[in-house]
Amino acid sequence: MIQLFGLQFNTLMDVLLVITLVIIIGVGLLALGNKIFFKIGVRNIPRRRTQMVLIVFALMLSTTLLSSVLATGDVMTAAVQTVAIYNWGNVDEIIQGGQGTLGFYDDRIYYQLRSHVQDDPTIAAIGVSLTETGLLVADETSRQVRSNVTGLGILNGTEQGFGGMQELGSKNHLSTTQLGLNDVYLNQTAAQLLNARKGDTLYLYSQRWPGKRYVFHVSAIVQNGGLVGELPYIVSRIEPFRQIEGRHDDISQIFIENSGGGGVNGIGLSDYVSATLTRWLPGYTHVIEVKQQGVQDSQ
């Protein structure tokens, strides 16, 4: 449990513990100062044992029910947070903005930002991509089709700071620098949905490219995580998507991983990291705290 009635649960527990101790000490002092009234107050306990047992049992039952409700809320919140967080892999913040439906902006922003924050201990990694959303992917080999797939055209090597990519099965470490212009990696989710295997031929379609399709080949299946979370992704070098979109040096997203090792560990740094990044960004871009927003939505 993180919050109850708008208060941090640890803070609330400390406050209630102090209040309980004050009450116990107060009752004890009153008993010492007024022994006659204390004896009058407790004399009914041995006289009415049944009522005493019923009252104690009712208090225990109500406490058990309340604890069960809070525990159930904890489980549900943790489950929703897990989905919200691990869909983003190791990414804590995303920088977006720019022009057009995909939000293009020049990659010099990335290089300038990297030079400014390279010694910042709160930032563990920076990655870059030209991201295509809402792709329709058809696997010619398996005869399976999947819509709403995200394509990450990653600037070569920038995925390595996020833990890199591991091939499913062999656990070999892979990099986008090993890909040809028409080669892609599929994350585990996309491969399962398409029943895809290494060597399959894929056709990519998009409403952004009416009447066109682009052919790619599956170089490997990679585990979920890093820059690719639990949602279906295809990963390529950035050059193919730049050619498709007719862009030379543009990107559409910069990914930030906070210090702490991924998961929920870096969320506490999101506000500080966002403020630091905003200082060095032009006005037409903005920082989105994707994991912190996911946690807040789950609450």
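Residues numbered from 1 in each chain as written. Predicted model: local features only at pLDDT ≥ 70, side-chain atom pairs only at ≥ 80, totals over all residues. Heavy atoms only, no water.

## Here's the deal with the overall build of the protein chain
Link 1 in the chain: When helices and strands are counted, the protein chain shows nine helices and 15 strands.
Link 2 in the chain: Against the compact-globule benchmark of 19 Å for 299 residues, the protein chain has a radius of gyration of 28 Å, which places it well outside the compact range.
Link 3 in the chain: Considered along the principal axes of its C-alpha atoms, the protein chain spans approximately 95 × 45 × 35 Å.
Link 4 in the chain: Expressed as a percentage of its 299 residues, the buried residues of the protein chain come to 41%.
Link 5 in the chain: The long-range fraction of contacts in the protein chain, counting pairs at least 24 apart against all pairs at least 6 apart in sequence, stands at 73%.
Link 6 in the chain: Total accessible area computed for the protein chain in this model is approximately 16,700 Å², and 58% of it derives from carbon and sulfur atoms.
Link 7 in the chain: Treating the 21 positive side-chain charges of the protein chain as one cloud and the 24 negative ones as another, the clouds have centres 16 Å apart. (Helix = DSSP H or I, 4+ residues; strand = E, 2+ residues; numbered from the N terminus. Rg over C-alpha atoms; globule rule 2.2 N^0.38 Å. Buried < 20%, exposed > 50% of the residue type's maximum accessible area, 1.4 Å probe, protein only. Contact = heavy atoms within 4.5 Å. Areas by Shrake-Rupley, 256 points an atom, 1.4 Å probe, with all protein chains shown as cover. Lys, Arg positive; Asp, Glu negative; His and termini not counted. Charge placed at Lys NZ, Arg CZ, Asp CG, Glu CD.)

## A short note on the environment of Ser142
Link 1 in the chain: Mapped onto the fold, Ser142 is located in the loop between β5 (123–139) and β6 (144–154).
Link 2 in the chain: The exposure class of Ser142 is buried, given its relative accessible area of 18%.
Link 3 in the chain: Separated by 84 residues in sequence, Ser142 and Gly226 place their C-alpha atoms 27 Å apart.
Link 4 in the chain: Residue contacts for Ser142: discarding those within four places in its chain leaves Leu194, Asn195 and Asp200.
Link 5 in the chain: Only 2.6 Å separates the side chain of Ser142 from the backbone oxygen of Leu194, close enough to count as a polar contact. (Polar contact = N/O pair within 3.5 Å; in protein donor to acceptor, adjacent residues only side chain to side chain.)

## Re the environment of Tyr272
Link 1 in the chain: When you line up the elements, Tyr272 lands in helix α8 (residues 270–279).
Link 2 in the chain: Here Tyr272 falls in the partly exposed class, since its relative accessible area comes to 47%.
Link 3 in the chain: Taking C-alpha positions, Tyr272 is 34 Å from Val69, a pair spaced 203 residues apart along the chain.
Link 4 in the chain: For Tyr272, the contacting residues outside a window of four places in its chain are Asp120 and Thr122.

## Quick word on the pairing of strand β11 (residues 214–222)
On a regular strand, each side chain points to the face opposite its neighbour's, so the side chains alternate between the two faces of the sheet.
Link 1 in the chain: In this sheet, β11 lies alongside strand β9 (residues 183–187) in parallel orientation, the contact comprising five bridges. The residue bridging Tyr185 from the neighbouring strand is Ala220, located in β11.
Link 2 in the chain: Direction of pairing for strand β10 (residues 201–205) relative to β11: antiparallel, over a ladder of four bridges. Note on β11: the bridge partner recorded for Leu202 is Phe216. (Pairing = 2+ DSSP bridges.)

## Considering helix α5 (residues 108–117)
Link 1 in the chain: Listing the buried residues of α5 in full gives Ile109, Tyr110, Leu113 and Val117. The buried residues of α5 occupy an angular sector of 95 degrees when projected down its axis, which confines them to one face. (Arc of directions from axis to C-beta.)

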